[in-house]
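# Residue-level structure breakdown
This is what each chain is made of:
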Amino acid sequence: LFLLSTLCLIGLALRALGFLAAEAERLEPFLATTGLGPATLRAAAGDPGFLAAVLDHVGGSDSLLLEFAANAGVDPEAVARARERLGGPPAGDFA
């Protein structure tokens, strides 16, 4: 089993955040969900829980996930694994 280092996990999440921020139509729904604004986004990016939320958001839409994965050159499953490693299993996941 391939295990990603913490730096790789953070790097992937930051790439996902950059992907969202690159286009307003991707960023605005994320900001609305988190309640953050552009001014507070940079400070939040240092929090692993926030980075897990970024990956949650990207993984919450198949089309967004596939677009990000293709853009980043990663397997879409790697996004889910990175999210779990950063933030633990999703709420309600008792497996």
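Further up the page is the structure itself.
Residues numbered from 1 in each chain as written. Predicted model: local features only at pLDDT ≥ 70, side-chain atom pairs only at ≥ 80, totals over all residues. Heavy atoms only, no water.

### Focus on the overall build of the chain
Scanning the chain for helices and strands turns up six helices and zero strands. Listing each helix as α and each strand as β along the chain from the N terminus yields α-α-α-α-α-α. Here the chain holds 95 residues, and the buried ones make up 33% of them. Long-range pairs, those at least 24 residues apart, make up 64% of the contacts in the chain with a sequence separation of at least 6. Carbon together with sulfur atoms contributes 60% to the accessible area of the chain, which is approximately 5,700 Å² in total. (Helix = DSSP H or I, 4+ residues; strand = E, 2+ residues; numbered from the N terminus. Buried < 20%, exposed > 50% of the residue type's maximum accessible area, 1.4 Å probe, protein only. Contact = heavy atoms within 4.5 Å. Areas by Shrake-Rupley, 256 points an atom, 1.4 Å probe, with all protein chains shown as cover.)

### Description of the pattern of salt bridges
Summed over the entire model, instances satisfying the criterion amount to three salt bridges. Here R26 ties to E23 by a salt bridge, and the two come within 3.7 Å at their closest N and O atoms. Classification of R26 by relative accessible area gives buried; the value is 11%. Accessibility expressed as a relative area gives 32% for E23, which makes it partly exposed. Residue D56 pairs with R83 through a salt bridge whose shortest N-O separation is 2.5 Å. With D56 in helix α4 (residues 48-59) and R83 in helix α6 (residues 76-87), this pair connects stretches of sequence that are 27 residues apart. Through salt bridges with shared partners, a single network forms among E23, R26 and E67. (Salt bridge = Lys/Arg side-chain N within 4 Å of Asp/Glu carboxyl O.)

### Quick notes on helix α5 (residues 62-72)
Restricting attention to buried positions, one finds in α5 the residues L64, L65, F68, A69 and A72. Within α5, the buried residues cover an arc of 130 degrees as seen down the axis, which keeps them to one side. Exposed and oriented more than 90 degrees from the buried face of α5 are D62, S63, L66, A70 and N71. Directly after α5, the chain includes G73, whose backbone phi takes a positive value near 70 degrees. (Arc of directions from axis to C-beta.)

### A word on the packing of helix α2 (residues 24-34) against α4
Where α2 meets α4, the closest approach of the two axes is 11 Å, and the angle between their N-to-C directions is 125 degrees. By the angle between their directions, the pair α2 and α4 is classed as oblique. Here the hand of the crossing between α2 and α4 comes out right-handed. Of the residues in α4, those touching α2 at R26, P29 and F30 are F50, A53, V54 and H57. Of the residues contributing to the contact of α2 with α4, the split by class is five nonpolar, one polar and one charged. (Axes fitted to C-alpha atoms, helices over the stretch in contact; angles between N-to-C directions. Parallel < 35°, antiparallel > 145°, perpendicular 65-115°, else oblique. Left-handed = near helix turned anticlockwise from the far one by under 90°. Nonpolar A, V, L, I, M, F, W, Y, C, P; charged D, E, K, R; others polar.)

### Let's talk about the environment of L86
Relative to the helices and strands, L86 resides in helix α6. Judged by relative accessible area, L86 falls into the buried class, the value being 14%. Spatially, the C-alpha atoms of L86 and A13 are 9.1 Å apart, while their sequence positions differ by 73 residues. Look past the residues within four positions of L86 in its chain and what remains in contact with it is L9, I10, A13, P48, L51, A52 and L55.

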